[in-house]
Amino acid sequence: MITPLPKVIIITAPSGAGKTTLVRYLLDKMNHQLAFSVSATTRARREHEIEGKDYYFISKEEFIEKRDKGEFLEWEEVYDGNYYGTLKSEVLRIAAQHKSCIFDVDVKGALNIKKHYGSQALAIFIKVPSIADLRRRLEARLTETPQTIERRLQRAVMEIQHENDFDRIIVNRHLPAAKRTAYHYVSAFLNETPTTEHKKQQKATF
């Protein structure tokens with residue numbers, strides 16, 4: 001007998017659009033239904049980060065070994081030379097808690113996960129009203145160099161071209177409203193039954 005795939009939630013966005021803030025909100029509001037999928041990375045751990053909570057910090061050698069063994073649901077090498085990926089074991093860990101996995105991933109990873117889970121995944125694309133808006137948000141972080149900001153903006157232009165590949169689009173103009181809309185979409189999806197389940201691409205702007 002084939003075990004059915006669990007429902008999963010995929011949140012993606014260009015860097016700076018607010019996906020991590022929305023994921024944290026959903027986890028806080030729906031901790032009885034959702035658990036966070038912790039990614040693996042080869043980059044160095046930052047001072048405030050906790051192993052196993054923020055990321056699994058592993059060496060490049062270990063990452064490549066796991067990749068070659070097929071242990072990743074999705075993975076990517078980013079422009080700084082580090083690897084990021086979602087371990088298949090994370091989904092199993094969360095399913096054992098009788099919860100749905102919520103992924104906070106980049107656009108490429110989100111598309112790969114969506115392809116794997118099909119109708120069992122709700123994939124939400126978060127964006128800001130304009131690239132100029134995104135630039136202001138990245139500059140306001142005070143953690144980015146001008147060169148990094150330009151790279152992120154160039155990447156964002158390419159990522160936005162994929163927005164219609166997702167089930168839902170939220171334009172994050174006003175954060176409280178975006179939070180309410182994300183909660184509505186996720187709650188409705190998780191509580192749908194197989195006979196009533198239906199989704200169509202929809203855009204919400206706040």
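Keep in mind it's a predicted model, so treat the numbers as computed, not measured.

Caption draft 1: Representation of the pairing of strand β7 (residues 100-104) in the model. For β7, the tally of buried residues reaches five of five residues, placing the bulk of the element in the interior. Burial along β7 is two-sided: the residues Ser100, Ile102 and Asp104 and Cys101 and Phe103 are all buried. As paired strands, strand β1 (residues 8-12) and β7 are joined by four bridges and run parallel to one another. For valine 8, the partnering residue across the bridge sits in β7 and is cysteine 101. In this sheet, β7 lies alongside strand β2 (residues 34-36) in parallel orientation, the contact comprising three bridges. Across the sheet, leucine 34 pairs through a bridge with serine 100, a residue of β7.

Caption draft 2: Layout of the packing of helix α1 (residues 19-29) against helix α7 (residues 175-191). The contact between α1 and α7 brings their axes to 10 Å, and the two run at 55°. Between α1 and α7, the angle is such that the two are oblique. Handedness of the α1/α7 crossing: right-handed. Counting all contacts with α1, which are made through Thr21, Leu22, Tyr25, Leu26 and Lys29, the residues of α7 involved are Leu175, Ala178, Lys179, Ala182, Tyr183 and Val186. Grouping the constituent residues of the contact of α1 with α7 by class yields eight nonpolar, one polar and two charged.

Caption draft 3: Main features of the environment of arginine 141. Secondary-structure assignment places arginine 141 in helix α5 (residues 131-141). Taking relative accessible area as the criterion, arginine 141 reaches 37% and is therefore assigned partly exposed. The spacing of arginine 141 and asparagine 191 is 50 residues in sequence and 36 Å in space, taken between C-alpha atoms. Not counting chain neighbours up to four residues away, the residues in contact with arginine 141 comprise Ser15, Gly16 and Arg152.

Caption draft 4: Local environment of the sheet that holds strand β6 (residues 83-87). The four strands lie next to each other as β4-β3-β6-β5, forming an open sheet whose pairing is mixed. In this open sheet, the two strands that pair with only one neighbour each are β4 (55-57) and β5 (72-77). Neighbour to neighbour, the strand axes of the sheet diverge by 25° on average, direction disregarded. The strands touched by helix α3 (residues 88-95) within the sheet are β4, β5 and β6, with β6 carrying the most contacts at an inclination of about 40°.

Caption draft 5: Examining the packing of α5 against helix α6 (residues 146-160) more closely. Following both chains from N to C, one finds α5 and α6 inclined at 145°, their axes separated by 10 Å at the closest point. Here the hand of the crossing between α5 and α6 comes out right-handed. Here Ile131, Leu134, Arg135, Leu138, Glu139 and Arg141 of α5 come into contact with α6, specifically with Ile149, Glu150, Arg152, Leu153, Ala156, Val157 and Ile160. Of the residues assigned to the contact of α5 with α6, the class counts are eight nonpolar, no polar and five charged.

Caption draft 6: Just unusual backbone geometry, in detail. Notably, histidine 98 is not glycine yet its phi reads approximately 60°, a positive angle. Topologically, histidine 98 is positioned in the loop between α3 and β7.

Caption draft 7: Molecular detail of the packing of aromatic side chains. As enumerated under the stated definition, the model contains six aromatic pairs in all. Site record: aromatic cluster; members linked through ring pairs are Phe63, Phe72, Trp75 and Tyr83. Cation over ring: arginine 67 sits above tryptophan 75, and NZ or CZ is 5.1 Å from the ring centre. Lying across the ring of tyrosine 185, arginine 168 places its NZ or CZ 5.0 Å from the centre.

Reading the values: rules and limits
- Residues numbered from 1 in each chain as written.
- Predicted model: local features only at pLDDT ≥ 70, side-chain atom pairs only at ≥ 80, totals over all residues.
- Heavy atoms only, no water.
- Buried < 20%, exposed > 50% of the residue type's maximum accessible area, 1.4 Å probe, protein only.
- Helix = DSSP H or I, 4+ residues; strand = E, 2+ residues; numbered from the N terminus.
- Pairing = 2+ DSSP bridges.
- Axes fitted to C-alpha atoms, helices over the stretch in contact; angles between N-to-C directions.
- Parallel < 35°, antiparallel > 145°, perpendicular 65-115°, else oblique.
- Left-handed = near helix turned anticlockwise from the far one by under 90°.
- Contact = heavy atoms within 4.5 Å.
- Nonpolar A, V, L, I, M, F, W, Y, C, P; charged D, E, K, R; others polar.
- Phe/Tyr/Trp six-rings, centres within 6.5 Å; stacked < 30°, edge-to-face > 60°.
- Lys NZ or Arg CZ within 6 Å of the ring centre and 35° of its normal.

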